[in-house]
Amino acid sequence: MTEIQGAAYCAAEDDLRVIVDSHARRLDGLEDDVDTLKSGQSAMMERLISIEAQGQERERNRAAQAQDMRNALTSLTQQLAEQTGAQKRQNQLAEDSLHRWRKLAVIAGLLCTVSAAVGSTLLSDQEVASTIWVLWLHLREPWDMPVQGASHAGP
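Student: Explain the overall build of the chain residue by residue, including any values.
Tutor: A tally of helices and strands in the chain yields two helices and zero strands. When each of the 155 residues of the chain is scored for burial, the buried share is 3%. Accessible area for the chain stands at about 13,900 Å²; split by element, carbon and sulfur atoms hold 62% of it.

If you want it as structure tokens, here you go:
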């Protein structure tokens, strides 16, 4: 090999070293960029996992709230049914009591009517009336009482 060839070889070798060093620096930069992207991607994945976990937690909370709401509505419905049933029973008892009182009132009215009819029939007879007033009650007959303040003019 001649000196010119050796010099060309040295220059080419230096050029290659510069190129390789340039490529190495670029590769180091790319590796740094890839590491940065990987760390960013890892952070994004962690954030995505966190968001997903929060979403699942919200969904569980919503499901629990919905179940609580269903339970409350069921309980309220049962209470309303019990209240309505109790009111119906109270109304039925009150209606039965009213029906009994009506029967008693009708019977009492009939008894009063019959006794009034019998009494008026008996008291319309002069002999029966006299017997009741004088013999049983030991009173004077109302029609035999003297009228006060009346003047007795006559023969």
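Next comes the rest of the account.
Student: Any details on the pattern of salt bridges? Residues and values, ideally.
Tutor: Throughout the structure, instances matching the rule amount to two salt bridges. Note that R60 is salt-bridged to E57, the shortest N-O span being 2.7 Å. Taken together, the residues R60 and E57, both in helix α1 (residues 3–123) and three residues apart, mark about one turn of the helix. The partner of R62 in a salt bridge is E59, and the shortest N-O contact between them spans 3.3 Å. Pair noted here: R62 and E59 are both in helix α1, with a separation of three residues, about one helical turn. E59 sits in the partly exposed class, given a relative accessible area of 46%.

Student: Please give an account of a negative patch on the surface that cites residues and values.
Tutor: A grouping of D28, E31, D32, D33 and D35 is seen on the molecular surface, where their side chains present a negatively charged patch. Checked against the element boundaries, D32 lands in helix α1.

Student: Could you give an account of a nonpolar patch on the surface, naming the residues involved and the relevant values?
Tutor: A cluster of nonpolar residues, M69, L73, L76 and L80, forms a patch on the protein surface that exposes about 400 Å² of accessible area. Residue placement: L80 occurs in helix α1.

Conventions used here
- Residues numbered from 1 in each chain as written.
- Predicted model: local features only at pLDDT ≥ 70, side-chain atom pairs only at ≥ 80, totals over all residues.
- Heavy atoms only, no water.
- Helix = DSSP H or I, 4+ residues; strand = E, 2+ residues; numbered from the N terminus.
- Buried < 20%, exposed > 50% of the residue type's maximum accessible area, 1.4 Å probe, protein only.
- Areas by Shrake-Rupley, 256 points an atom, 1.4 Å probe, with all protein chains shown as cover.
- Salt bridge = Lys/Arg side-chain N within 4 Å of Asp/Glu carboxyl O.
- Patch = residues over 30% accessible without salt bridge, like charges linked within 9 Å, V, L, I, M, F, W, Y side chains within 5 Å.
- Lys, Arg positive; Asp, Glu negative; His and termini not counted.
- Charge placed at Lys NZ, Arg CZ, Asp CG, Glu CD.

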